[in-house]
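Geometric and topological summary
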Amino acid sequence: ANRIVPYVDMPLQHVSARILKSMRRSVQRDSQKKIIGKLRQIPGMVLRTTLITGYPGETDAEFQELYDWVQEVEFDRMGAFAFSSEPGTLAAELPDQVDQEVKQERLNALMQLQQGIALRRNRALIGQEIDVLVDGPSQEHAYVLEGRHYGQAPDIDGCVFLNFTDGSPMVAPGQLVQAVVEDAGPYDLVATVL
């Protein structure tokens, strides 16, 4: 049986060459693009990344470059954080620390962009059958179970809320079930067990 799922988490942090160099990250934009292109050739691939806004010295133009790049790449999943200065780190000592309000505005803009991308990509799953690993009773909805399909890592991505019909089988946590996607938000899916 195939034991590897097509889900890759690449914490790329940024796309600006100057900022990546300051972060001491060797994978520059061209390399990122090549890697992403190769991964996207794998059927069903789900790509996740983590980005940072407001790294010391990040200019409006460099943030715009990051924003445009996220719009172009369309990651399936993305986390982003406002840079946090940790005492004793090299980045904490860098000049041109970005104002907290600016960092947060940039973070909000990036996450709003990603929500639209994720919603569109999730809605493309409506009507499709997916395999769902059942986690257990939903923390959010009574009488509903929740689980995850292979493109949802535990605790960082959304989940699948599972509905049942009269003909649905009984299921238990740890079971893999087939379900058809009925609805989708930017993070979570709603599906009915077949």
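Summarised in this report is the structure supplied together with it.

What counts and what doesn't
Residues numbered from 1 in each chain as written. Predicted model: local features only at pLDDT ≥ 70, side-chain atom pairs only at ≥ 80, totals over all residues. Heavy atoms only, no water. 1 Å grid on protein atoms, 1.4 Å probe; cavity = no way out; pocket = protein on both sides within 12 Å on 5 of 7 lines; lining within 4 Å. Points joined across faces, edges and corners; volume = space filled by probe spheres on them. Helix = DSSP H or I, 4+ residues; strand = E, 2+ residues; numbered from the N terminus. Nonpolar A, V, L, I, M, F, W, Y, C, P; charged D, E, K, R; others polar. Pairing = 2+ DSSP bridges. Axes fitted to C-alpha atoms, helices over the stretch in contact; angles between N-to-C directions. Phe/Tyr/Trp six-rings, centres within 6.5 Å; stacked < 30°, edge-to-face > 60°. Core = buried A, V, L, I, M, F, W, Y, C linked by side-chain atoms within 4.5 Å. Buried < 20%, exposed > 50% of the residue type's maximum accessible area, 1.4 Å probe, protein only. Contact = heavy atoms within 4.5 Å.

Some details on the layout of surface pockets
- Reported here for the largest pocket is a volume of approximately 240 Å³.
- Along the wall of the largest pocket there are 14 residues; nearest its centre are Gly 44, Val 46, Leu 125, His 149 and Tyr 150.
- Elements with a minimum of two residues in the lining of the largest pocket: helix 5 (100-123) and strand 4 (129-137).
- A total of three residues in the lining of the largest pocket trace back to one element, the largest contributor, which is strand 4.
- A breakdown of the residues in the lining of the largest pocket according to their chemical character gives five nonpolar, four polar and five charged.
- Each pocket or cavity is described by its volume, and for the second largest pocket that value is around 190 Å³.
- Contributing to the lining of the second largest pocket are 14 residues, with Arg 48, Met 78, Gly 79, Ile 156 and Asp 157 lying nearest its centre.
- Among the secondary structure elements, those contributing two or more residues to the lining of the second largest pocket are strand 2 (46-53), strand 3 (77-82) and helix 5.
- If one sorts the elements of the lining of the second largest pocket by residue count, strand 3 sits on top with four residues.

Some words on the sheet that holds strand 7 (residues 176-184)
- Spatially, the five strands close up into a barrel ordered 4-5-6-8-7, and their pairing is mixed. For this sheet, the mean inter-axis angle between neighbouring strands, taken without regard to orientation, is 50 degrees.
- Bridging between strand 4 and strand 7 involves five bridges; their strand directions are antiparallel. Bridge pairing in strand 7 places Glu 129 opposite Val 180.

Thoughts on the packing of aromatic side chains
- One pass over the structure, following the stated rule, counts three aromatic pairs.
- Note on Phe 63 and Tyr 67: the rings are 6.2 Å apart at their centroids and 55 degrees apart in plane angle, and the pair reads as tilted. Taken together, the residues span about one helical turn, with Phe 63 and Tyr 67 both in helix 3 (residues 60-73) at a distance of four residues.

Some remarks on the nonpolar core
- Counting residues in each nonpolar core, the largest one holds 20 residues, and the members touching the most others are Ile 36, Leu 51, Leu 66, Trp 69, Val 70, Phe 75 and Leu 110.
- Taken together, the elements giving at least two residues each to this core come down to strand 1 (7-13), helix 2 (29-40), strand 2, helix 3, strand 3 and helix 5.
- Per-element accounting of this core gives the leading share, five residues, to helix 3.
- Once residues lying within four places of it in the same chain are set aside, the contact partners of Phe 75 are Met 10, Leu 12, Ile 36, Arg 40, Leu 47, Arg 48, Thr 49, Trp 69, Gln 114, Ile 117 and Arg 121.
- Judged by nonpolar contacts, the second largest core, of 14 residues, contains Leu 145, Val 160, Leu 162 and Val 171.

Structural notes on the sheet that holds strand 3
- The strand order across the open sheet built from three strands is 1-2-3, with neighbouring strands paired in parallel fashion. Every other strand in the sheet has two partners, leaving strand 1 and strand 3 as the edge strands with one partner each. For this sheet the average axis-to-axis angle between neighbouring strands, irrespective of direction, equals 15 degrees.
- Relative to strand 3, strand 2 runs parallel, the two being bridged by six bridges. Within strand 3, the residue paired with Ile 52 across the bridge is Phe 81.
- Helix-sheet contacts for helix 5 involve strand 2 and strand 3, and the interaxial angle to strand 3 is about 175 degrees.

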